[in-house]
Amino acid sequence: MKVLTMTPEEFLYCQTEEFALEKELEEKDWYESYEMEEEKLINQINSLLEEHSLEAWDRLLTMFHDPKLHEIYADREQIAIVYILLNIYQYERYEEISPVIFEQGTHLEQFNDLIREIKFLLWHIAFLDIEHSTKSDYGNTESQEQELFDYVEIHHLSPVALFFCVNTICADPPKMLLYLADKYMKQNKLYNTMMLLKYYDAHYPGNKDVKHILSEWERING
């Protein structure tokens, strides 16, 4: 994969008033072209969420298969959250997990709040005790961990949902995933542990310890 880098000239240009005015005009043009369409799209999303059924959520999934939506709206916060939710939903349906993520609300704002709260809880763990943070640990964050696990349990969030949130939100997803899997194992919540490790291995392959744990789990459980 080609790594995109910024030249010194490009970096200096980004600090200029000319660049700021250019970005301001781009933002203005976007609003003139798409603001009303974005409002219609959000109303459509909310209508489907209010139906609160598998059929409605499947229609939402089909609607977001349109590449034009991604091209135009992927950088818009509310729409970006819908993409996260749909990724979670697809995997939950595949894994036959219930309840699915969309059962947690009937309006996009509720899901914005849900994702935002998970983001802050994960950040509290990752950045609270930087002084004692290591490659595999975040220092003295026991109460923050408990807040996260309590929130996940109260909102019936699946390990799939937690994985996608970590993968989207955290600066170092592999570290956080292994950390949470270890915490779940210490709580004897082996299903949560193995699901997190399964998705870790699929997205970040090559960890021999993870491979060994998963193979042993598979051997024992057939």
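To be clear, the structure that these remarks concern was listed above.
Residues numbered from 1 in each chain as written. Predicted model: local features only at pLDDT ≥ 70, side-chain atom pairs only at ≥ 80, totals over all residues. Heavy atoms only, no water.

Details of the nonpolar core
With 63 residues, the main nonpolar core has I45, F64, I101, F102, L122, M176 and L180 as its most contacted residues. Once residues lying within four places of it in the same chain are set aside, the contact partners of F64 are I45, L69, I79, V82, Y83 and L86. (Core = buried A, V, L, I, M, F, W, Y, C linked by side-chain atoms within 4.5 Å. Buried < 20%, exposed > 50% of the residue type's maximum accessible area, 1.4 Å probe, protein only. Contact = heavy atoms within 4.5 Å.)

Brief notes about the packing of aromatic side chains
Taken as a whole, this structure holds 13 aromatic pairs when the rule is applied. With a centroid separation of 5.1 Å and an interplanar angle of 55 degrees, the aromatic rings of Y91 and F164 are classed as tilted. Linking Y91 in helix α5 (residues 77-94) with F164 in helix α8 (residues 159-169), this pair joins segments that are 73 residues apart in sequence. On the accessibility criterion, Y91 (32% relative accessible area) is partly exposed. In this structure F164 comes out as buried when scored by relative accessible area, which is 10%. Grouping aromatic residues by their ring pairs yields a cluster made of W57, Y89, F102 and F111. Stacked on the ring of Y199, the Lys or Arg K198 has its end atom at 5.7 Å from the ring centre. (Phe/Tyr/Trp six-rings, centres within 6.5 Å; stacked < 30°, edge-to-face > 60°. Helix = DSSP H or I, 4+ residues; strand = E, 2+ residues; numbered from the N terminus. Lys NZ or Arg CZ within 6 Å of the ring centre and 35° of its normal.)

Focus: the layout of surface pockets
Of the pockets and cavities examined, the largest pocket occupies roughly 310 Å³. Forming the walls of the largest pocket are 17 residues, and the residues nearest its centre are S136, L178, Y179, A181 and D182. Taken together, the elements giving at least two residues each to the lining of the largest pocket come down to α9 (173-186), α10 (190-203) and α11 (208-221). Looking at the lining of the largest pocket element by element, the count peaks at eight residues for α9. Grouping the amino acids of the lining of the largest pocket by side-chain chemistry returns seven nonpolar, three polar and seven charged. The calculated volume of the second largest pocket comes to roughly 220 Å³. Lining the second largest pocket are 14 residues, and of these H156, L157, S158, P159 and N192 sit closest to its centre. Looking at the lining of the second largest pocket, the elements that each hand over two or more residues are α7 (142-154) and α10. (1 Å grid on protein atoms, 1.4 Å probe; cavity = no way out; pocket = protein on both sides within 12 Å on 5 of 7 lines; lining within 4 Å. Points joined across faces, edges and corners; volume = space filled by probe spheres on them. Nonpolar A, V, L, I, M, F, W, Y, C, P; charged D, E, K, R; others polar.)

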